[in-house]
Amino acid sequence: MAENEEWRKPVEKKGRLTAVLALATLISAFGSSFQYGYNVAVINSPSPFMQQFYNATYLERYGRPMEENVQTLLWSLSVSMYPLGGFFGSLMVAPLVNKLGRKGTLLFNNIFSIVPAVMMGVSEIAKSYEIIIAARFIVGICAGLSSNVVPMYLGELSPKNLRGAIGIIPQLFITIGILGAQVLGIRHILGNSTGWPLMLGLTGIPALIELLLLPFFPESPRYMLIQRGDEDAAKKALQRLRGWEDVDGELSEMRLEDQSERAEGRLSVLSLLSQRSLRWQLISIIIMNMGQQLSGVNAIYYYADSIYATAGVKQNDIQYVTVGTGAVNVFMTIAAESVTWMPYVSIACVIIYVTGHAIGPSPIPYVVTTEMFRQSARPAAFMVAGSVHWLSNFTVGLIFPFLERGLGSYSFIIFSFICLATLIYIWLVVPETKSKTFLEICQMFAKRNKVEIKLGDGEQPLKEIKETPEDAVRVTAF
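A. Inspection of the overall build of the protein at higher detail. Along its length, the protein carries 26 helices and 0 strands. In the protein, which comprises 478 residues, the share counted as buried stands at 56%. A total accessible area of about 20,800 Å² is found for the protein, and carbon and sulfur atoms account for 65% of it.

Written out as structure tokens, the structure is:
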């Protein structure tokens, strides 16, 4: 009898990386995530020439040189308007992904890349540094949306056994974008007095490519089934993504998730903040995103040349050291003043620091945010996570120049304590989510939140529901 039951037990198919899934991943990551990284680093190398432009424009307007404090403030604004725009972009995530879908939001988001690309490209001709500051804010909105929507989109396209691997692709393209900006920023390429407007304007090219190609790929099947109620469209999308016709098991898992969520209803940000069943998930993504950004890693990309100059690296060598740092970041993401030699120790420390960030703190918060929340709560969760991410990023970008002037080489000690506190929290609280379904992960947190997850209108916790053989077939994905 036992052997007969074992024989009747449905075999779960493991998802594979099909051409459709791979291309959708690459196009969305290049068209959106690449831009995030590119715009983090794009104004670092040409910063002396851009500040000369600021000074020359100010002198032409007002007949006197720009004061040092005014220049520091304007340059800090040029840097920090990007993460501030990212914060406002994060606030737009939930309404847009619910209204337009995941793919639709990525297509709409390209407006916030192409328009500022043109603005930055003509800023020198227009003799306006205000255009650059405004354009940095707008392209920040693009980054704020893409940094949240791309992981959400890919997390919902991916089978559970590939979710972690595909989840790091957006971060990989962010690091490639940083490296691309650092390479183009070499003095004899575009990081010079004549090339920097073109360098800033190139951010529109990935957006154009995504705008042309992404419409040919599927929308998130989870969005189509759970939020739109279009089971036929969800099934067709799953069949294209998985490369086989039989997707009933995965559809059943989505229906089960939909049933479970109907008991709680769709969640806004305010209801998410007050939801006891999601308390520790919410605390976790807030702490992980704060730790990711307040680790100070983006200070290295925003102000790398300044940091290396303070450390005593020769002026002509700085641009190549910066490119080397970016290359290490890409590589490790794939793998997950008086002493003459002191500048090289500083370089080694920065590379080790970037390596450690690229292995974990950089890609993992996006993956975990997708995994910790079910469909109804996911847009609001990404909105909260993205807001924390970009506010922390904005804080680092704005205060670091003043921090460096005040503390010099000791400024990174503050960041080290934040990294340690984040490490302790993750070690004690965050569970392993590898190869778990979204509902299984919710059950793992249910014990810590002291709640029970219920299905539909029933009164039994999910874990106590008795299954018939027919039910087992319907929920094969579990």
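B. Focus on the packing of helix α5 (residues 93-100) against helix α23 (residues 378-407). Following both chains from N to C, one finds α5 and α23 inclined at 150 degrees, their axes separated by 8 Å at the closest point. Comparing the axis directions of α5 and α23 gives the class roughly antiparallel. By crossing handedness, the relation of α5 to α23 is classed as right-handed. Where α5 approaches α23, its residues V93, A94, P95, V97 and N98 are matched on the opposing element by P379, A380, F382 and M383. Across the contact of α5 with α23, the residue classes break down as 8 nonpolar, 1 polar and no charged.

C. How the structure looks around the pattern of salt bridges. Here the structure, examined in full by the defined rule, presents 3 salt bridges. For the salt bridge of E60 with K127, the shortest nitrogen-to-oxygen distance reads 3.4 Å. Here E60 is found in helix α3 (residues 47-62), whereas its partner K127 is found in the loop between α8 (123-126) and α9 (129-157), with 67 residues between them in sequence. Residue classification places E60 among the exposed positions, given a relative accessible area of 58%. Between R61 and E130 there is a salt bridge, with its nearest N and O atoms 2.6 Å apart. Within this pair, whereas R61 is found in helix α3, its partner E130 is found in helix α9, the two being separated by 69 residues in sequence. For E130, a relative accessible area of 37% gives the class partly exposed.

D. Quick look at the side chain of S387. Mapped onto the secondary structure, S387 falls in helix α23. The residues touching S387, leaving out its near neighbours within four places in the chain, are F87, S90 and L91.

E. Expanded view of helix α4 (residues 68-91). The terminal C-alpha atoms of α4, which comprises 24 residues, lie 34 Å apart, in line with the 34 Å expected from a rise of 1.5 Å per residue. Of all 24 residues in α4, 17 are buried; the element is thus mostly enclosed.

F. Representation of unusual backbone geometry within the structure. The backbone of K127 shows a phi angle near 55 degrees, a positive value even though the residue is not glycine. Judged by its relative accessible area of 44%, K127 is partly exposed.

G. Just a nonpolar patch on the surface, in detail. Residues L407, Y410, I413, I414 and F417 make up a contiguous nonpolar surface patch of roughly 530 Å² in combined accessible area. Sorting elements by how many residues they give to the nonpolar patch places helix α24 (residues 411-429) first, with 3 residues. Looking at the element boundaries, Y410 is found in the loop between α23 and α24. You can call Y410 exposed: its relative accessible area is 58%.

H. Main features of the confidence of the model for the protein. When pLDDT is averaged along the protein, the result is 76; 73% of the residues meet or exceed 70. Predicted confidence for residues 336-342 stays below pLDDT 50, and this span has 5 contacts to residues more than four positions away or in other chains. Contacts of residues 456-478 to residues separated by more than four positions or lying in other chains number 43 contacts, the stretch itself having pLDDT below 50.

Quick notes on the rules
- Residues numbered from 1 in each chain as written.
- Predicted model: local features only at pLDDT ≥ 70, side-chain atom pairs only at ≥ 80, totals over all residues.
- Heavy atoms only, no water.
- Helix = DSSP H or I, 4+ residues; strand = E, 2+ residues; numbered from the N terminus.
- Buried < 20%, exposed > 50% of the residue type's maximum accessible area, 1.4 Å probe, protein only.
- Areas by Shrake-Rupley, 256 points an atom, 1.4 Å probe, with all protein chains shown as cover.
- Axes fitted to C-alpha atoms, helices over the stretch in contact; angles between N-to-C directions.
- Parallel < 35°, antiparallel > 145°, perpendicular 65-115°, else oblique.
- Left-handed = near helix turned anticlockwise from the far one by under 90°.
- Contact = heavy atoms within 4.5 Å.
- Nonpolar A, V, L, I, M, F, W, Y, C, P; charged D, E, K, R; others polar.
- Salt bridge = Lys/Arg side-chain N within 4 Å of Asp/Glu carboxyl O.
- Expected span 1.5 Å × (residues − 1).
- Patch = residues over 30% accessible without salt bridge, like charges linked within 9 Å, V, L, I, M, F, W, Y side chains within 5 Å.
- pLDDT = per-residue confidence, 0-100.

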